[in-house]
Amino acid sequence: MAGLGREVAVWFVTSVSTRLGRRRASFPPPVVFALVLVPFVIEAIGVFWPAIQGVMLSFLNWNGIAPAKVVGLGNYASLFADPIFITALKNTAIWIVLFGGLSFVGGLGVALLFQSDRRGVGIYRTALFLPIVFSLVVTALIWDTFFQPTGILNGLLNSLGLHSWTREWLADPATALYAIIVAALWREIGYVMVLFIAGLKALDPAVTEAAKMDGCTRWQRFRYITFPQLRSVNLVILSVLVIDSLRSFDIVWAMTAGGPFNSTQLLSTYMYSEAFQGRQLGYASAIAVIIFVLALGVIITYLVRALSEDKES
Amino acid sequence: MTRRSRRLLAATGLALAATVALAGCVSTGGTASTTAVTKDASGPLVLQSRFTGAEKAGLEAVIKAFDKKGEGKVQLNSLPTTTFDTQLPSYLTSKNPPDVYTWYAGQATRDFADQGLLLDLSDVWKKSLGNYSSALKTLSSTSKGEQVFVPSDYYWWGVYYSKSEFAKLGITPPKTWDDFLADSAKIKSQGVTPITMGLSDNSWLAAAWFDYLDLRINGAKYHLDLLAGKHSFDSAPVKKVFAAFKQVLPFLSPSVLGTSYNQSMSDLSTGKAGMYLAGAFLETAVPKATRSDLGFFQFPVIDPAVPVSEEAPTDGFMVSAKTTRPALAKRFLEFAAGAKGQSLLLNGEDGISLAVNPSATQTMDALSTQGKQMLQSASQVTQFFNRDAGDAQQTPADTALTQFIAQPNNLDAILTAWQASAVKLRSGS
């Protein structure tokens, strides 16, 4: 290993010095190629290859058993004429805004509440963080029981005399998606809270203290002192939330499987149901490509913004 | 940038381009390899099964008896039905698939046979299944007349009820549609939900209503043609089916879409709900001690001019065309379909299905005797929606039927969407 390291180091130094203007350039030793190629090949086989195949599949009409037919952009064209796809797209947008947004606001709120080390705060923090230890499928089971027609929520409403408020929460297209979002939030807020508490602990208390001395109100201290300092944490949390939103699948599948009559389909659940229930692998791949483009779009937009802000500062 | 690093960049680009070019060959051929296997590979025969409940015990008894014969070993892999169903195409198209599979007779099997994925089992039929009915043979055959399926058992569907609850409510099992509706109204007036279903986790159960109403109103021929794509789901005869279904809606449990299968079964056993259109599998959800209180009646007749057909889903086995143990697979199927294998299978299955082999000895309870008689007197039998239409067609049917239950006034839009989905799925296969 030592020899290998030296060889690489030597090449690196020489190539750097080449850049610095030396005349003689050295060709990188084979070890360098090996170091680059091995991970590249693994990545190519495990990630790029299937991803590219997925894109290729999206131009085909294939049920997994019969020979495939090439349909060009046909799958994409029919996607936008497919009312279920439009519903899934809309639901995914609602999911990102409500699930992502409320996790962010809620997580930040409870983090601010519970950041101090007063006695007993640990209990609240633990209680909020506890749901994260359950897998999403277990979370779905718990909330499924809660939302049953004869379940706890309706029982509670009945006992309060609010009979007209009772619903079949998961079977009513007007409430099903929001009921699932509540269940998903229950688990996500604790996670976001922990990330924010970590960020808040890293802040210098002297700055806030100084602002307090200067007579800033609580809101001003948060708005102009604390929040701007959390920018790097925000970046992490926003990326986590966008990715978590777009990959949300298990909790929806376990609670409603996209039903009742497709009213809770997300892009991810619709992709699964088209691929493995409808056996439309080409069509499902087209949905997968759209999810990929959306995720990439959101993340690139955010990175570009974040980088340009960095430059400004 | 130096010339060297430019060369490196070019090399990387070339490598990338090569990857893209190679990836172009997505393996979507689909047809099975036709390597002739002369001799069985060593090792046990792998039997992939979708049964994890009562049916599993029957299958285990058959395997145990076969293993004892010393002609070869069978290894049983049992998976939950939902996993099995989604994985099956991947199994059959993989390089080294499991050998034998439990599956549904009819179109669901033909879909695979048409792609050359199934082993021709005609010699098993010729050699050992001579006493099977010709209807079963037709059901197991491809369009080319080869048999690719060995049936193991079949079961019946009926409207289940609790005898003691019916006595309390003053109801006798109805025979005609008008009686059925009148009885439902009578049950409802006594504060009991007339009909329940567990649609929140088993939405496919609603398709039983569609199948039976279509069989009773338009007859078996129309029904099978419709499911095969020869008629449209938004045509007038289908609207007649939904008009009849609409008469049932007031009698369904108001929370039927949000009720789980377990909840619906508990409602039936505790007398909160009166009737349940279901297959014989429902019986396993009732404790053995109280099962004698369970009864069922034949789905009521709507139009006396339409011959009475019944649903009789047939289960059985198929074999991958790529199996490396075809001789062992055939020996096992001959045993499983023979009188002894059939007796072991059915007696292990808790009395919820019927033997396909006429010489099998099966202990029958009152319900299975009634079920057998009902099917024998039927003018024609069908399988079930997903088995007759092809498994992929089930999802759009579930969507249409559950949406109709929630929004009955939206019928035209629901049927148009159903037809569009059905056509889309057919064009993809």
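Fair warning: this is a prediction, and the values are worked out from it, not measured in the lab. (Residues numbered from 1 in each chain as written. Chains lettered and ligands numbered in written order. Predicted model: local features only at pLDDT ≥ 70, side-chain atom pairs only at ≥ 80, totals over all residues.)

Engineer: Please explain the overall build of chain B as it appears in this structure.
Structural biologist: Looking only at helices and strands, chain B features 17 helices and twelve strands. Expressed along its principal axes, the backbone C-alpha trace of chain B runs to roughly 90 × 65 × 40 Å. In chain B, which comprises 429 residues, the share counted as buried stands at 47%. The long-range share in chain B, meaning contacts at least 24 apart out of those at least 6 apart in sequence, stands at 80%. (Helix = DSSP H or I, 4+ residues; strand = E, 2+ residues; numbered from the N terminus. Buried ≥ 20, exposed ≤ 12 C-beta atoms within 10 Å, placed from the backbone. Contact = placed C-beta atoms within 7 Å.)

Engineer: Before we go on, may I ask you to explain the overall build of chain A in this structure?
Structural biologist: Helices and strands together make up the secondary structure of chain A, namely 14 helices and two strands. Computed over C-alpha atoms, the radius of gyration of chain A comes to 26 Å, more than 25% over the 20 Å expected from 2.2 N^0.38 for 313 residues, which places it beyond the range of a compact globule. Taken along its principal axes, the extent of the C-alpha atoms in chain A is 90 × 75 × 35 Å. Within chain A, buried positions represent 32% of all 313 residues. For chain A, the proportion of contacts with a sequence separation of at least 24, taken over those separated by at least 6, is 66%. (Rg over C-alpha atoms; globule rule 2.2 N^0.38 Å.)

Engineer: It is not clear to me how the confidence of the model for chain B should be interpreted in this structure. Could you clarify?
Structural biologist: Any segment with low pLDDT has predicted coordinates that should not be analysed in fine detail. Residues and elements named next belong to chain B. For chain B, per-residue confidence averages 87 on the pLDDT scale, and residues scoring 70 or more make up 91% of the total. Residue range residues 1–25 is modelled with pLDDT below 50. Its contacts to residues more than four positions away, or to other chains, number 14 contacts. When the criterion is pLDDT under 50, residues 29–37 qualifies, and its contacts beyond four places in sequence or with other chains add up to 16 contacts. Among the scores for the predicted complex, ipTM is 0.74 and pTM is 0.80. (pLDDT = per-residue confidence, 0-100.)

Engineer: What am I meant to see in the sheet that holds strand β3 (residues 100–104) of chain B here?
Structural biologist: Residue and element names in this part refer to chain B. Taken together, the six strands give an open sheet; going across it, the order is β2-β1-β3-β10-β4-β11, and neighbouring strands pair in mixed fashion. With partners counted over all chains shown, the strands left at the sheet margins are β2 (74–78) and β11 (354–355), one partner each. Pairing of strand β4 (residues 150–154) with strand β10 (residues 314–319), which is carried by four bridges, proceeds in the antiparallel orientation. Bridge pairing links V150 to F317 in β10. Of the strands in this sheet, β1 (45–49) and β2 touch helix α2 (residues 54–69), which is tilted by about 165° from β2. (Pairing = 2+ DSSP bridges. Axes fitted to C-alpha atoms, helices over the stretch in contact; angles between N-to-C directions.)

Engineer: How should helix α11 (residues 231–247) of chain A be read in this particular structure?
Structural biologist: The α-helix winds at 3.6 residues per turn, so residues separated by three or four positions along the chain end up facing the same way. Residue and element names in this part refer to chain A. With 17 residues, α11 ought to run about 24 Å at 1.5 Å a step, and its terminal C-alpha atoms sit 24 Å apart, in line with that. All buried positions along α11 are accounted for by I237, L241, S245 and L246. Looking straight down α11, one finds its buried side chains confined to an arc of 155°; they lie on one side. For α11, exposure combined with an orientation more than 90 degrees from the buried face picks out S232, V236 and R247. (Expected span 1.5 Å × (residues − 1). Arc of directions from axis to C-beta.)

Engineer: Honestly, the environment of A77 of chain A in this entry has me stumped. Any pointers?
Structural biologist: Residue and element names in this part refer to chain A. Along the chain, the position of A77 falls in helix α3 (residues 74–79). With 12 C-beta atoms packed within 10 Å, A77 lands in the exposed category. Along the sequence, A77 and A286 sit 209 residues apart, while their C-alpha atoms lie 9.9 Å from each other.

Engineer: What is the right way to look at the packing of helix α4 (residues 83–114) of chain A against helix α8 (residues 176–201) of chain A in this model?
Structural biologist: How two helices sit against one another is set out by the angle between their axes and by the gap between those axes. Residue and element names in this part refer to chain A. Relative to each other, α4 and α8 sit at 40°, their axes nearing to 7 Å. Here α4 lies oblique to α8, going by the angle between them. Crossing angle aside, the handedness with which α4 passes α8 is right-handed. Here the contact of α4 with α8 is composed, by residue class, of 20 nonpolar, four polar and one charged. (Parallel < 35°, antiparallel > 145°, perpendicular 65-115°, else oblique. Left-handed = near helix turned anticlockwise from the far one by under 90°. Nonpolar A, V, L, I, M, F, W, Y, C, P; charged D, E, K, R; others polar.)

Engineer: Would you explain the sheet that holds strand β5 (residues 157–162) of chain B in this entry?
Structural biologist: In a beta sheet, neighbouring strands pair by backbone hydrogen bonds and run either parallel or antiparallel. All names here are of chain B. A sheet is described by the order of its strands in space; here four strands give the open sequence β6-β7-β5-β8, paired in mixed fashion. The open sheet has two edge strands with one neighbour each: β6 (193–195) and β8 (294–297). Adjacent strand axes in the sheet meet at a mean angle of 30° when their direction is disregarded. As defined by bridge partners, β5 adjoins strand β7 (residues 273–279) across five bridges and the pair is classed as antiparallel. Note that in β7 the partner of Y161 across the bridge is M275. Against the sheet, helix α11 (residues 261–269) engages β5, β6 and β7, with an angle of about 130° to β7.

Engineer: Is there a simple way to explain the pairing of β2 of chain B in this structure?
Structural biologist: The side chains of a regular strand alternate between the sheet's two faces. Residue and element names in this part refer to chain B. For β1 and β2, the ladder comprises five bridges, and the chain directions are parallel. When the sheet's bridge partners are listed, V46 is paired in β2 with Q75. With α2 bridging β1 and its parallel neighbour β2, the resulting β-α-β unit is right-handed. (Right-handed = clockwise from strand over helix to strand, strands pointing away.)

Engineer: What's the story with the nonpolar core in this structure? I'm lost.
Structural biologist: In a soluble, globular protein the nonpolar side chains are often hidden away together inside. In terms of nonpolar packing, the biggest core is built from 158 residues, with I180 of chain A together with Y160 and F332 of chain B touching the most fellow members. Element by element, the count of residues in this core is highest for helix α9 (residues 206–227) of chain B, at eleven residues. Residues in contact with I180 of chain A, not counting those within four places in the same chain, are I251, V252, M255, T256 and T264 of chain A. Residues F114, V192, M193 and F196 of chain A belong to the second largest nonpolar core, which totals eleven residues. (Core = buried A, V, L, I, M, F, W, Y, C linked by C-beta atoms within 7 Å.)

Engineer: How should the pairing of β1 of chain B be read in this particular structure?
Structural biologist: Residues and elements named next belong to chain B. Of all five residues making up β1, five are buried, and the element is well covered by its neighbours. Where β1 meets β3, two bridges bridge the pair, whose relative direction is parallel. In the strand pairing of β3, Q48 is matched with Y101.

Engineer: Where do I start with unusual backbone geometry in this structure?
Structural biologist: With the exception of glycine, the majority of residues adopt a negative phi angle, and the majority of peptide bonds are in the trans configuration. All names here are of chain A. One non-glycine residue, F261, lies in positive phi territory at about 30°. In this structure, F261 sits in the loop between α12 (250–255) and α13 (267–277). Residue F261 is classed as buried on the basis of its C-beta count, with 25 C-beta atoms lying within 10 Å. Backbone geometry at N262 places phi at a positive 65°, although glycine is not the residue there. Note on placement: N262 falls in the loop between α12 and α13.

Engineer: Is there a simple way to think about the environment of A273 of chain B in this case?
Structural biologist: Residue and element names in this part refer to chain B. Along the polypeptide, A273 turns up in strand β7. Among the residues examined, A273 registers 27 C-beta atoms within 10 Å and is labelled buried. Placed 20 residues apart in sequence, A273 and S253 show a C-alpha to C-alpha distance of 7.8 Å. Ignoring sequence-local partners within four residues, the contact set of A273 consists of V192, T193, I195, T196, S253, D267 and L268.

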